[in-house]
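# Remarks on the overall topology
What follows is each chain in one-letter form.
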Amino acid sequence: MAAKRYTYEPVGYDLFSPTGHAPETGTVVVKTQPHGCPRNGAMGHCYVKDAETDEFYGLVLVNSLVAA
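Presented here is an overview of the structure given in this document. As the structure is a prediction and not an experimental result, all values here were calculated from the model. (Residues numbered from 1 in each chain as written. Predicted model: local features only at pLDDT ≥ 70, side-chain atom pairs only at ≥ 80, totals over all residues. Heavy atoms only, no water.)

What follows is about the state of the cysteines. One way to say it: the disulfide is the covalent bond shared by the sulfur atoms of two cysteines. For the structure shown, the criterion picks out zero disulfides. In this model Cys37 remains outside any disulfide bridge; the closest cysteine sulfur is found in Cys46, 12 Å from its own. (Disulfide = S-S within 2.5 Å.)

Here it is as structure tokens:
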């Protein structure tokens, strides 16, 4: 089963304080769960990677993800 794809549209903290390795606005991403990290959705955040290249971006707000 393929992972659900999202378009990254930064809001809130992602918009005002982006990390050094955040995806570009409009990038299609999928959620990922790194071993030993808090579960996706904890405190409104999740881990994402590029849907095409599998490049890991890191932690973003769940509200920054729009269903693609």
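What follows continues from the structure just given.
This paragraph deals with unusual backbone geometry. Phi at Met43 is positive, roughly 55°, even though this residue is not glycine. Mapped onto the elements, Met43 comes out in the loop between strand E2 (28-32) and strand E3 (45-50). The phi angle at Asp54 is positive, at roughly 65°, despite the residue not being glycine. Among the structural elements, Asp54 can be located in the loop between E3 and strand E4 (56-61). Since its relative accessible area comes to 49%, Asp54 is described here as partly exposed. (Helix = DSSP H or I, 4+ residues; strand = E, 2+ residues; numbered from the N terminus. Buried < 20%, exposed > 50% of the residue type's maximum accessible area, 1.4 Å probe, protein only.)

A separate point is the sheet that holds E4. An order of E4-E3-E2-E1-E5 is seen for the five strands of this open sheet, with the pairing classed as antiparallel. With one partner strand each, in any of the chains shown, E4 and strand E5 (65-67) form the two edges of the open sheet. Shown here is a sheet whose adjacent strand axes are inclined to one another by a mean of 50°, direction ignored. Note that strand E1 (residues 5-8) and E2 share three bridges and pair antiparallel. By the bridge assignment, Tyr6 is partnered in E2 with Val29. (Pairing = 2+ DSSP bridges. Axes fitted to C-alpha atoms, helices over the stretch in contact; angles between N-to-C directions.)

In terms of nonpolar packing, the biggest core is built from eight residues, these being Tyr6, Tyr8, Val29, Cys46, Val48, Tyr57, Val60 and Leu65. If we ignore the near neighbours within four places in the chain, the residues touching Tyr57 are His21, Ala22, Pro23, Thr27, Val29, Val48, Lys49 and Asp50. (Core = buried A, V, L, I, M, F, W, Y, C linked by side-chain atoms within 4.5 Å. Contact = heavy atoms within 4.5 Å.)

One face of the sheet, then the other: side chains in a regular strand alternate in exactly this way. Pairing geometry for E3 and E4, over five bridges, is antiparallel. Looking at E4, one finds that Lys49 is bridged to Phe56. Counted between consecutive antiparallel strands, the loop separating E3 from E4 contains five residues, among which Asp54 sits at a positive phi close to 65°.

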